[in-house]
Structures are given as structure tokens and as C-alpha cells.
Amino acid sequence: MLVLENIITDRGSRYAVSGGPCRSADEAAAFLKELKRRKKFAKATHNTWACLTEDGPLKNDDGESGAGMVILRMLEREDLRDTIVVVTRWYGGKHLGGDRFRHVQEAVRQFIEAQGC
């Protein structure tokens, strides 16, 4: 599990990105459970994620409408398979509008770079 914390801050909101091997919905659930064992991540406002598996794409917005699809599109573009990417946001009290999608994209970019893909 690779976790990059406090990678983006904007108007009080903070972002982290994490990821690791994932080949199924069960493995995605197990990854999220393990991530949320860290109290900080369990208390996050959103843990949005996506994964490209052999059985097809998996994603979950976790209340951050549309963010799972942003992650999924980036994984498809990079052809990054069997890896879950989770973008975590701690809401800072101010709406970010469309900037939140740019932050999700930047978080995924940083994860991909850290993986050396």
C-alpha cells in the first residue's frame, strides 16, 4: 500500500492519494478496510476510488459526485490495471466547485508518478 498524504490543500480541504494491488471488488473492499484502519482516513469526508480489473471497471464516488469516473478515466488512459487508486478528501468548509476534479486528477497523477508508471 502506497499512501501519499497532504499532497494538495485548497480553501481548507486537504487531499491524500493511496493505492495498491487490486483484482476484484472483494480486494477493493479489503483495501479500503485496511486504509480506514488509520483513524485519519476513517474520518475523511470522501474516500473516492477506482480500479480496472479483468472483470471490468470498478469505482465509487463516496459522496464526491463524479470523482470516481475521473479516477477511472485516468487509469484507462494510463492502462493501469489491477491497481486501486483512492483519493481521500477532508472537507475544509468551502465548496471548491470544478476545482475539486482538478485536484482529483492531480492526486492520481502524483500516485502514477510515485509508482513509476
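Scope of this entry: the structure provided in the associated data block. Keep in mind the model is a prediction, meaning the values are calculated, not measured.

Each value, and the rule that gives it
Residues numbered from 1 in each chain as written. Predicted model: local features only at pLDDT ≥ 70, side-chain atom pairs only at ≥ 80, totals over all residues. Heavy atoms only, no water. Pairing = 2+ DSSP bridges. Helix = DSSP H or I, 4+ residues; strand = E, 2+ residues; numbered from the N terminus. Axes fitted to C-alpha atoms, helices over the stretch in contact; angles between N-to-C directions. Contact = heavy atoms within 4.5 Å. Buried < 20%, exposed > 50% of the residue type's maximum accessible area, 1.4 Å probe, protein only. Expected span 1.5 Å × (residues − 1). Phe/Tyr/Trp six-rings, centres within 6.5 Å; stacked < 30°, edge-to-face > 60°. Lys NZ or Arg CZ within 6 Å of the ring centre and 35° of its normal. Left-handed = near helix turned anticlockwise from the far one by under 90°. Nonpolar A, V, L, I, M, F, W, Y, C, P; charged D, E, K, R; others polar.

### Quick notes on the sheet that holds strand β3 (residues 46–53)
Moving on, step 1. If you walk across this open sheet you meet the 5 strands as β1-β2-β5-β3-β4, and the pairing is antiparallel. The outermost strands of the open sheet, each flanked by one partner alone, are β1 (2–10) and β4 (56–60). Each strand of the sheet is rotated relative to its neighbour by a mean of 15°, with strand direction disregarded.
Moving on, step 2. Two strands pair when backbone bridges link them, and β1 and strand β2 (residues 13–21) are joined in this way by 6 bridges, in the antiparallel orientation. Within β2, the residue paired with D10 across the bridge is S13.
Moving on, step 3. Together, β3, β4 and β5 (83–90) form the strand contacts of helix α3 (residues 67–78), whose direction differs from that of β3 by roughly 35°.
Moving on, step 4. Against the sheet, helix α4 (residues 99–115) makes contact with β1, β2 and β5, and its axis sits at roughly 145° relative to β1, the strand it touches most.

### Here's the deal with the environment of E54
Moving on, step 1. Along the chain, E54 turns up in the loop between β3 and β4.
Moving on, step 2. Sequence-wise, E54 and A42 are 12 residues apart; in three dimensions their C-alpha atoms are separated by 28 Å.

### Side note on unusual backbone geometry
In terms of backbone geometry, most residues other than glycine have negative phi values and most peptide bonds are trans.
Moving on, step 1. Even without a glycine there, the phi angle at R11 is positive, about 50°.
Moving on, step 2. When you line up the elements, R11 lands in the loop between β1 and β2.
Moving on, step 3. Despite not being glycine, D82 shows a phi value in the positive range, around 55°.
Moving on, step 4. Of note, D82 is situated in the loop between α3 and β5.
Moving on, step 5. What makes D82 partly exposed here is its relative accessible area of 31%.

### Examining α3
Moving on, step 1. If you check α3, its first and last C-alpha atoms are 17 Å apart, about what 12 residues at 1.5 Å a residue would give, namely 16 Å.
Moving on, step 2. Along α3, the residues classified as buried are A67, G68, V70, I71, L72, M74 and L75.
Moving on, step 3. If you follow the buried residues of α3, they end up packed against β3, β4, β5 and α4.
Moving on, step 4. With its phi angle positive at about 50°, D79 sits one or two positions after the end of α3.

### Quick look at the packing of aromatic side chains
Working definition: an aromatic ring pair is given by the centre-to-centre distance plus the angle between the planes.
Moving on, step 1. Tallied over the full model, the rule gives 1 aromatic pair.
Moving on, step 2. A cation over a ring is seen here: K40 above W90, with NZ or CZ 5.5 Å from the ring centre.

### Focus on the packing of α3 against α4
Moving on, step 1. Interaxial distance between α3 and α4 falls to 10 Å at its minimum, and their mutual angle equals 40°. Handedness of the α3/α4 crossing: right-handed. Touching A67, V70, I71, M74 and E78 of α3 are F101, V104, Q105, V108, R109 and I112, all from α4.
Moving on, step 2. In the contact of α3 with α4, the residues fall into 8 nonpolar, 1 polar and 2 charged.

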